[in-house]
There are 2 protein chains.
Amino acid sequence: MNCVSHIHHGLWRRPDTQQLQYTSLDTWVELAKTLEKAKFDSLFLADVSGVYDTYNGGPETSIREAMQIPVNDPTLLIPAMAHATEHLGFAYTGSILAEHPFNFARRASTLDHLTNGRVAWNVVTSYLPSAAQNLGFHDLPRHDDRYERGDDYLEVLYKLWEGSWEQDAVVRDVERGIYADPNKVHRINHVGPYYQVPGPHLCEPSPQRTPLLFQAGSSDRGREFAARHAECVFILGGGRQEIIADIRTRAAKYGRRPEDIKFFLALSLVIGGTEAQAQAKAAELNETLSIEGGLAHMSGQLGADLGAVDPNRPIGDFDFNGILGFLKSFASRAPDKMTTFGDLARSQMSGHWIVGSAEQIADRLQHFAETGADGFNLVYATTPGTFVDFIDGVAPILKSRGLMQTEYQGGTLREKIFGHAHLAKNHPGAAYRIR
Amino acid sequence: MNCVSHIHHGLWRRPDTQQLQYTSLDTWVELAKTLEKAKFDSLFLADVSGVYDTYNGGPETSIREAMQIPVNDPTLLIPAMAHATEHLGFAYTGSILAEHPFNFARRASTLDHLTNGRVAWNVVTSYLPSAAQNLGFHDLPRHDDRYERGDDYLEVLYKLWEGSWEQDAVVRDVERGIYADPNKVHRINHVGPYYQVPGPHLCEPSPQRTPLLFQAGSSDRGREFAARHAECVFILGGGRQEIIADIRTRAAKYGRRPEDIKFFLALSLVIGGTEAQAQAKAAELNETLSIEGGLAHMSGQLGADLGAVDPNRPIGDFDFNGILGFLKSFASRAPDKMTTFGDLARSQMSGHWIVGSAEQIADRLQHFAETGADGFNLVYATTPGTFVDFIDGVAPILKSRGLMQTEYQGGTLREKIFGHAHLAKNHPGAAYRIR
């Protein structure tokens with residue numbers, strides 16, 4: 001994320017992390033080169049379009065903790081990183097509330113051109129009321145309405161990316177002075193419930209046309225959206241076979257095969273020379289985590305002010321009848337009634353850490369790979385430390401087991417992952433192509 | 001412009017221009033390095049948010065001629081160029097219709113951070129109906145309404161850029177775990193006629209806070225807008241002392257001094273070893289210009305379909321009573337009644353060329369500099385040819401006469417041009433600062 005503190009709040013204070021250098025292009029370019037050298041598929045950039053201002057009724061804690069504020073635009077990091085690399089992909093998060101689809105389509109196509117087809121878009125619908133309020137919506141549209149809007153938004157995009165310029169529209173005929181054949185460039189004349197866009201698309205076809213589509217919804221409506229649109233889904237934590245199977249089943253409804261969607265687990269790894277060293281490192285990191293930052297983050301995610309509860313009181317003490325259902329269900333995940341909301345905030349950060357020697361971690365990842373995961377999204381604790389630890393320790397083992405690529409495939413990001421440059425023929429977006 | 005054909009239509013067909021490589025970052029990065037080596041202040045990127053579809057009632061000619069379509073996003077070129085340079089500034093065009101100000105503010109701040117304060121924004125209000133129609137407006141707002149909207153848009157931006165985060169809000173206190181002091185980060189609570197934005201700004205203060213502000217309006221309302229907001233105004237062609245004097249006079253109304261606005265003339269130079277060689281080069285370039293491209297461009301600018309008139313008929317033959325007033329006034333600029341609309345389209349492209357030896361061109365620029373111009377915006381005929389010709393021939397003469405910098409000043413782009421990093425105290429945007 002183009003910010004100081006993304007997930008593991010408080011760790012920005014450590015001397016061994018470069019989070020304070022988030023405004024420096026050098027930091028990002030070096031990171032991209034490091035990942036490419038190790039043959040990572042892509043670098044993933046999260047984003048939010050608003051401030052977390054639920055906790056204690058305002059943004060104060062978020063601002064003090066640099067908890068996803070300041071947060072700069074992620075897309076502007078990509079061109080500099082792309083120019084310094086050749087194969088690494090770049091996935092960025094963009095909310096359908098933040099930008100009109102006509103403009104968004106152009107920006108994505110531009111990125112796809114400039115990166116030679118190495119860009120992926122993580123589709124989000126926003127969950128922070130402050131994002132919506134600042135962006136001209138009176139308030140955050142209801143959850144399911146956001147997905148309805150998302151469907152319309154993506155339909156506009158598919159029409160622009162896939163249906164406006166035919167594949168052979170651009171001829172670049174110097175002799176006859178014809179750059180593109182106007183008979184092969186079409187208006188889209190989209191009239192939907194949310195957007196009216198006549199077109200044509202302002203960009204000629206880029207290497208992937210539609211960027212590789214990521215999504216991360218896990219609600220019922222979010223899964224449906226993923227089943228319809230997503231090519232890659234990332235999921236927090238391991239052991240989520242149920243979600244994977246469910247989304248794959250839903251995909252059939254849209255004419256898609258189970259293998260048309262790949263699943264990536266978002267994991268935090270703490271790697272040591274030995275298990276004991278890893279545990280010591282985890283303990284030290286855990287010590288530096290900020291519970292306040294975690295509570296502010298959780299409050300925004302839950303839409304409930306955890307500032308109203310004493311973070312040190314055991315949850316067994318609470319009468320959940322007066323508390324939001326989602327908060328109650330969240331508390332139900334606690335291991336016992338002595339757990340506090342402070343513990344839960346901590347466990348949101350470190351509870352999912354996988355701690356071990358390189359060999360142990362490789363075993364664990366192999367297990368996930370054998371039980372449904374197609375790949376992993378590494379969430380850093382320190383940067384580039386987490387990545388370097390992985391590259392030095394775990395990657396060589398995975399490579400020796402044939403579980404991680406040792407050379408890049410050619411072509412676009414989608415070709416590298418799925419073997420074809422453009423959306424699969426049975427993807428709903430492909431239906432808008434001119435035959 | 002991040003496109004194939006910007007002003008001199010048809011020239012993309014020449015082998016000595018790199019316009020066909022507009023999607024390659026290498027092309028842009030090399031250009032930026034060339035300009036920085038020669039000590040240019042900045043590289044200026046034009047833009048449009050729609051397609052020119054007035055001529056012959058559709059976009060066909062524009063598409064065939066690559067006349068500003070395809071047109072990719074300009075901002076995404078900047079990070080790669082910025083990473084390869086240290087001093088060169090980057091001015092980009094952005095329409096107030098294309099993006100919500102809350103989002104636009106973040107993108108500009110991000111660019112200002114990533115470039116270490118080397119970014120300028122050319123404020124435009126759009127004149128293509130197709131831009132407005134595609135971006136969710138039923139039709140293009142009326143000319144003066146766009147400027148009203150622009151005033152509100154800029155007020156939001158000033159509040160976010162200047163008034164949301166106090167200059168010393170960010171403390172980065174590792175010991176106490178305080179990144180920023182929440183008491184010094186403020187909501188803006190903007191409620192205007194067009195926009196309601198509570199804030200706070202998502203970005204911490206960037207080196208310039210408000211990017212250096214360019215503007216180019218020449219209508220009555222446009223001049224008023226420039227007098228109020230612009231720090232730099234660029235004007236097409238030479239000999240426009242009247243506009244310069246008028247805008248400087250209007251500035252007083254907003255508490256600004258005449259010298260608070262700098263004026264840049266947009267010029268096309270055709271430079272040869274001798275005057276005769278330059279004339280031969282100009283004749284050859286002129287031969288390659290596309291009149292059709294020029295007519296499509298002019299039609300969009302005039303909002304009148306020149307496809308309805310025979311471009312080869314002398315204007316003396318037309319009865320202008322049935323023709324739009326603006327078209328009539330345009331035709332009145334023709335040197336004589338035998339001039340055709342085709343001639344006018346050509347003269348829109350080559351009519352303002354300044355053709356001569358390096359010495360002659362330097363004399364001409366010096367004359368402009370002595371009669372009100374603060375600088376120049378070079379419009380290429382071929383790229384990087386036009387720039388290389390200038391750098392090799394004219395720049396050394398200007399430097400020897402003390403008219404062009406031989407070393408960069410330190411600091412942000414605004415410091416290099418005005419001597420101060422932030423908006424001047426008497427600029428209307430500075431009024432939103434927290435004292």
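Please read all numbers here as calculations on a predicted model, not as lab measurements.

## Notes on the overall build of chain A
Broken down by element type, chain A carries 15 helices and 12 strands. Since a compact globule built from 435 residues should have a radius of gyration of about 22 Å, the 22 Å found for chain A is in line with a globular shape. Reported as C-alpha extents along the three principal axes, the dimensions of chain A are approximately 75 × 50 × 40 Å. Of the contacts made within chain A by residues no fewer than 6 positions apart, 75% connect residues no fewer than 24 positions apart. Accessible area of chain A: about 16,200 Å², with a carbon and sulfur share of 48%. Across chain A, the centroid of the 42 positively charged side chains sits 4 Å from that of the 52 negatively charged ones.

## Overview of the interface of chain B and chain A
Accessible area lost upon the coming together of the parts is a frequently used measure of interface size. Across the contact, 71 residues belong to chain B and 71 residues belong to chain A. For the pair chain B and chain A, the summed buried area comes to about 6,200 Å², and 62% of that belongs to carbon and sulfur atoms. If you sort the residues of chain B by the area they bury against chain A, L76, N134 and Y179 of chain B come out on top, with a joint share of 11%. Inspection of the chain B/chain A interface yields eight salt bridges. Our count for the contact surface shared by chain B and chain A stands at 28 residue pairs in polar contact (both at pLDDT 80 or more). Secondary structure elements with two or more residues in the side of chain B that touches chain A: helix 1 (25-37), helix 2 (60-65), helix 3 (78-83), helix 4 (101-114), helix 5 (129-134), strand 4 (170-173), strand 5 (178-180) and strand 7 (196-197) of chain B. Considering every element that reaches the side of chain B that touches chain A, the biggest residue donor is helix 4 of chain B, with eight residues. Of the residues assigned to the side of chain B that touches chain A, the class counts are 37 nonpolar, 18 polar and 16 charged.

## Thoughts on the pairing of strand 10 (residues 262-272) of chain A
All names here are of chain A. Most of strand 10 is tucked away, with 10 of its 11 residues classed as buried. Two strands pair when backbone bridges link them, and strand 9 (residues 232-236) and strand 10 are joined in this way by five bridges, in the parallel orientation. Directly across from I235, in strand 10, lies its bridge partner L265. Bridging between strand 10 and strand 12 (residues 375-378) involves four bridges; their strand directions are parallel. By the bridge assignment, L265 is partnered in strand 12 with F376. Here strand 10 runs beside strand 11 (residues 353-357); their pairing, made up of five bridges, is parallel. Across the sheet, residue S268 finds its bridge partner in strand 11, namely W353.

## Describing the nonpolar core
With 237 residues, the main nonpolar core has W121 and F390 of chain A together with W121 and F390 of chain B as its most contacted residues. Not counting chain neighbours up to four residues away, the residues in contact with F390 of chain B comprise F40, L269, I271, L365, L378, A395, P396, L398 and M404 of chain B.

## Brief notes about the relation of the copies chain B and chain A
Least-squares fitting of chain B to chain A yields an RMSD of 0.0 Å, with the transformation described by 0.0 Å of translation along the axis and a rotation of 180 degrees. Look at the turn and shift together and you get a two-fold axis relating the two. Residue A80 of chain B of chain B places its C-alpha closer to the rotation axis than any other residue of that unit, at 2.0 Å. The share of interface residues of chain B whose copies in chain A are also at the interface is 100%, consistent with both copies meeting through the same surface.

## Observations regarding the pattern of salt bridges
Applying the stated criterion across every chain yields a total of 60 salt bridges over all chains. Here D168 of chain A ties to K184 of chain A by a salt bridge, and the two come within 3.1 Å at their closest N and O atoms. Note that D168 of chain A is positioned in the loop between helix 6 (143-163) and strand 4 (170-173) and K184 of chain A in the loop between strand 5 (178-180) and strand 6 (190-191), a separation of 16 residues in sequence. According to the relative accessible area criterion, D168 of chain A is partly exposed, its value standing at 41%. Residue K184 of chain A is classed as partly exposed on the basis of its relative accessible area, which comes to 25%. With its nearest N and O atoms 2.9 Å apart, the salt bridge here joins D260 of chain B to R257 of chain B. Residue classification places D260 of chain B among the buried positions, given a relative accessible area of 8%. Classification of R257 of chain B by relative accessible area gives partly exposed; the value is 45%.

## Observations regarding empty space enclosed by the protein
The tally for this structure, following the rule as stated, stands at seven cavities of 30 Å³ or more. Considering only enclosed or pocket space, the largest cavity measures out at about 140 Å³ in volume. Lining of the largest cavity is provided by 16 residues; of these, D73, T93, G94 and E99 of chain A together with R107 of chain B occupy positions nearest its centre. For the lining of the largest cavity, the secondary structure elements donating two or more residues are strand 2 (89-95) and helix 4 (101-114) of chain A together with helix 4 of chain B. Considering every element that reaches the lining of the largest cavity, the biggest residue donor is strand 2 of chain A, with four residues. Tallied by class, residues from the lining of the largest cavity come to four nonpolar, six polar and six charged.

## Concerning the domain arrangement of chain A
All names here are of chain A. Split into domains, chain A comes out as domain 1 (11-269 + 354-432) and domain 2 (275-350). Distance from the C-alpha centre of domain 1 to the C-alpha centre of domain 2: 29 Å. Between domain 1 and domain 2, the residue contacts involve 23 residues of the former and 23 residues of the latter. When domain 1 packs against domain 2, close to 1,900 Å² is buried across both sides, 58% of that on carbon and sulfur atoms. On the surface where domain 1 and domain 2 come into contact, there are two salt bridges. Taking the shortest distance from any N to any O, the salt bridge between K281 and D389 comes out at 2.7 Å.

## Concerning the packing of helix 10 (residues 291-302) of chain A against helix 12 (residues 341-350) of chain A
Residue and element names in this part refer to chain A. As a packed pair, helix 10 and helix 12 sit with axes 8 Å apart at the nearest point and diverge in direction by 85 degrees. What the angle tells us is that helix 10 and helix 12 run roughly perpendicular. Here helix 10 contributes I291, G294, L295, M298 and Q301 to the contact with helix 12, which in turn contributes F341, G342, L344, A345, R346, Q348 and M349. Split by residue class, the contact of helix 10 with helix 12 holds seven nonpolar, four polar and one charged.

## Some remarks on unusual backbone geometry
Cis geometry marks the peptide bond from T383 of chain A to P384 of chain A; its omega dihedral reads 5 degrees. Its place among the elements puts P384 of chain A in the loop between strand 12 and helix 14 (385-400). Cis geometry marks the peptide bond from I69 of chain B to P70 of chain B, where omega comes out at -5 degrees. With respect to the helices and strands, the residue P70 of chain B is situated in the loop between helix 2 and helix 3.

## So, the environment of S357 of chain A
Residue and element names in this part refer to chain A. Residue placement: S357 occurs in strand 11. S357 gets classed as buried once you look at its relative accessible area, which sits at 12%. Separated by 85 residues in sequence, S357 and G272 place their C-alpha atoms 5.0 Å apart. S357 has contacts with I271, G272, G273, T274, E275 and A278, leaving out every residue within four places of it along the chain.

## Considerations on helix 10 of chain A
Residues and elements named next belong to chain A. Over its 12 residues, helix 10 runs 16 Å from end to end, which matches the ideal 16 Å to within 8%, given 1.5 Å per residue. The element helix 10 is extensively covered by neighbouring structure, given that nine of its 12 residues are classed as buried. Taken residue by residue, helix 10 has G293, G294, L295, A296, H297, M298, S299, G300 and L302 as its buried positions. The first or second residue beyond helix 10 is G303, which carries a positive phi of 65 degrees.

Reading guide: rules and limits
- Residues numbered from 1 in each chain as written.
- Chains lettered and ligands numbered in written order.
- Predicted model: local features only at pLDDT ≥ 70, side-chain atom pairs only at ≥ 80, totals over all residues.
- Heavy atoms only, no water.
- Helix = DSSP H or I, 4+ residues; strand = E, 2+ residues; numbered from the N terminus.
- Rg over C-alpha atoms; globule rule 2.2 N^0.38 Å.
- Contact = heavy atoms within 4.5 Å.
- Areas by Shrake-Rupley, 256 points an atom, 1.4 Å probe, with all protein chains shown as cover.
- Lys, Arg positive; Asp, Glu negative; His and termini not counted.
- Charge placed at Lys NZ, Arg CZ, Asp CG, Glu CD.
- Buried area = accessible area lost by both parts, 1.4 Å probe.
- Salt bridge = Lys/Arg side-chain N within 4 Å of Asp/Glu carboxyl O.
- Polar contact = N/O pair within 3.5 Å; in protein donor to acceptor, adjacent residues only side chain to side chain.
- Nonpolar A, V, L, I, M, F, W, Y, C, P; charged D, E, K, R; others polar.
- Buried < 20%, exposed > 50% of the residue type's maximum accessible area, 1.4 Å probe, protein only.
- Pairing = 2+ DSSP bridges.
- Core = buried A, V, L, I, M, F, W, Y, C linked by side-chain atoms within 4.5 Å.
- Least-squares fit on C-alpha atoms with pLDDT ≥ 70 in both.
- 1 Å grid on protein atoms, 1.4 Å probe; cavity = no way out; pocket = protein on both sides within 12 Å on 5 of 7 lines; lining within 4 Å.
- Points joined across faces, edges and corners; volume = space filled by probe spheres on them.
- Domains from an automatic or database assignment.
- Axes fitted to C-alpha atoms, helices over the stretch in contact; angles between N-to-C directions.
- Parallel < 35°, antiparallel > 145°, perpendicular 65-115°, else oblique.
- Expected span 1.5 Å × (residues − 1).

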